[in-house]
Amino acid sequence: MNTEVERKRLAGVPVLLVRPVAARGPLPTVLWFHGLAADKEVHLPELHRFAATGLLAVGVDAVGHGERRLADFEQQFARSPDDGLPLFKSLVARTVAEVPALIDALIAGGLADGRRIAVAGVSMGGCIVYGAVPSDRRLCAAVALMGSPERTQPGPGTLADERFFPTALLSITAERDSIVPPAAAEALHERLAPRYASAPDRLCQRTIAGAPHFMSVEDWECAVAEACAWLARFVL
């Protein structure tokens, strides 16, 4: 299926809209969030793959990235990972806070079907996914790749586990990930399992054996294929 790209701002946020050619009217939609120091342009291949399944794929520049990159980004994140973590969490939380307005704008503009909206992302984007799901109950499906639910908010506190169900949540982690270790995602899924007891097929956590955070092309292809299949299953 051929796809087309449009660049615009929604609710003040720079985005890429990738859709099937000639597709009009409200479409099933996925919001896609990139990793730290990346931007929406980096993931055009993934956006085209999502669009090829029939989705409106919306690539989003996270706060402090892409078209709104922090002027001192390199200096801020040149220090140790622990020193940069408060800023990282702040950027994640601020991006999560924009999700409801983005969804509103997509629906109001006749772009997205409000009953079929999903969120997905990798690394920092995966952290955004974990924050977005409990913050907006309109999200019917979610895919977090190499993300951590422990890095979604700037201050102390935990996610509202009771606000995940019935969103269909897939988490894909890398076994040897030393940057975003899989333990936090695994623990979240253990906590959520009883809440999904009536619909266990809507909750899945998979670890890619032997993979580091920056995985091989082959493993990444498999991860994206799984994400596409999950979204097709619960959003289309």
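(A) Examining the overall build of the protein chain more closely. When you go through the protein chain residue by residue, the secondary structure sums to six helices and eight strands. Seen in sequence order, the protein chain has helices and strands lined up from the N terminus as β-β-β-α-β-α-α-β-α-β-β-α-β-α. Computed over its C-alpha atoms, the radius of gyration of the protein chain comes to 16 Å, within 12% of the 18 Å expected for a compact globule of 236 residues. Seen along its three principal axes, the alpha-carbon backbone of the protein chain occupies a region of about 45 × 45 × 35 Å. Expressed as a percentage of the 236 residues in the protein chain, the buried residues total 52%. Of the contacts formed within the protein chain by residues at least 6 apart in sequence, a portion of 74% connects residues at least 24 apart. For the protein chain, the accessible surface area stands at approximately 9900 Å², while carbon and sulfur atoms represent 55% of it.

(B) View of helix α4 (residues 124-135). With twelve residues, α4 should cover 16 Å at 1.5 Å per step; its first-to-last C-alpha distance of 17 Å lies within 8% of that length. Where burial is concerned, most of α4 is hidden: eleven out of the twelve residues are buried. All of the buried residues along α4 are M124, G125, G126, C127, I128, V129, Y130, G131, A132, V133 and P134. Where α4 is buried, its residues contact β3 (27-33), α3 (81-108), β5 (112-122), β6 (139-145), β7 (168-174) and α5 (183-192).

(C) Looking closely at the nonpolar core. Ranked by internal contacts, the top residues of the largest apolar core, which has 44 residues, are L31, L106, V119 and L169. When residues of this core are traced back to their parent elements, those giving at least two are β2 (13-20), β3, β4 (56-60), α3, β5, α4, β6 and α5. Per element, the largest residue contribution to this core is nine residues, and it comes from α3. With 34 residues, the next largest nonpolar core counts L47, A57, I172 and A174 among its residues.

(D) A look at the sheet that holds strand β1 (residues 3-10). Overall, mixed pairing links the eight strands, which are arranged β1-β2-β4-β3-β5-β6-β7-β8 in an open sheet. Looking at strand neighbours, the two that pair on one side only are β1 and β8 (203-208), the edges of this open sheet. Neighbour-to-neighbour, the strand axes of the sheet open up by a mean angle of 15°, direction not taken into account. Bridge count for β6 against β7 is five bridges, and the pairing is parallel. Paired with A141 across the strands is A168, a residue of β7. Contacts from α4 reach β3, β5, β6 and β7 within the one sheet, and its direction differs from that of β5 by about 140°. Strand contacts of α5: β7 and β8, with the helix running at about 155° to β8, the strand carrying the most contacts.

So, how was this worked out
Residue numbers restart at each chain and count upward from 1, following the sequence in its written direction. Whole-chain, interface and lining totals are the exception, using all residues; otherwise, since this is a predicted model, local features are given only for residues with pLDDT of at least 70 and side-chain atom pairs are given and counted only at 80 or more. Where side-chain values are given, they derive from all heavy atoms of the structure, hydrogens and water being excluded. Each helix corresponds to a stretch of at least 4 residues labelled H or I by DSSP, and each strand to a stretch of at least 2 residues labelled E; elements are numbered beginning at the N terminus. Based on C-alpha atoms, the radius of gyration is set beside the globule rule, defined as 2.2 Å times the residue count to the power 0.38. Throughout, exposure labels follow a simple rule: accessible area from a 1.4 Å probe, protein chains only, divided by the maximum for the residue type, with under 20% read as buried, over 50% as exposed, and the rest as partly exposed. Any two residues having at least one pair of non-hydrogen atoms within 4.5 Å are treated as being in contact. Accessible surface is estimated by sampling points in the Shrake-Rupley manner with a 1.4 Å probe; for residues, cover comes only from the protein chains shown. The length a helix should cover is 1.5 Å for every residue beyond the first. Think of a nonpolar core as a cluster: buried Ala, Val, Leu, Ile, Met, Phe, Trp, Tyr and Cys residues, connected wherever their side-chain atoms sit within 4.5 Å. A pair of strands is considered paired only if DSSP assigns at least 2 bridges between the two. Each axis is a line fitted through C-alpha atoms, and for a helix only the stretch in contact is used; angles between axes span 0 to 180 degrees, taken between their N-to-C directions.

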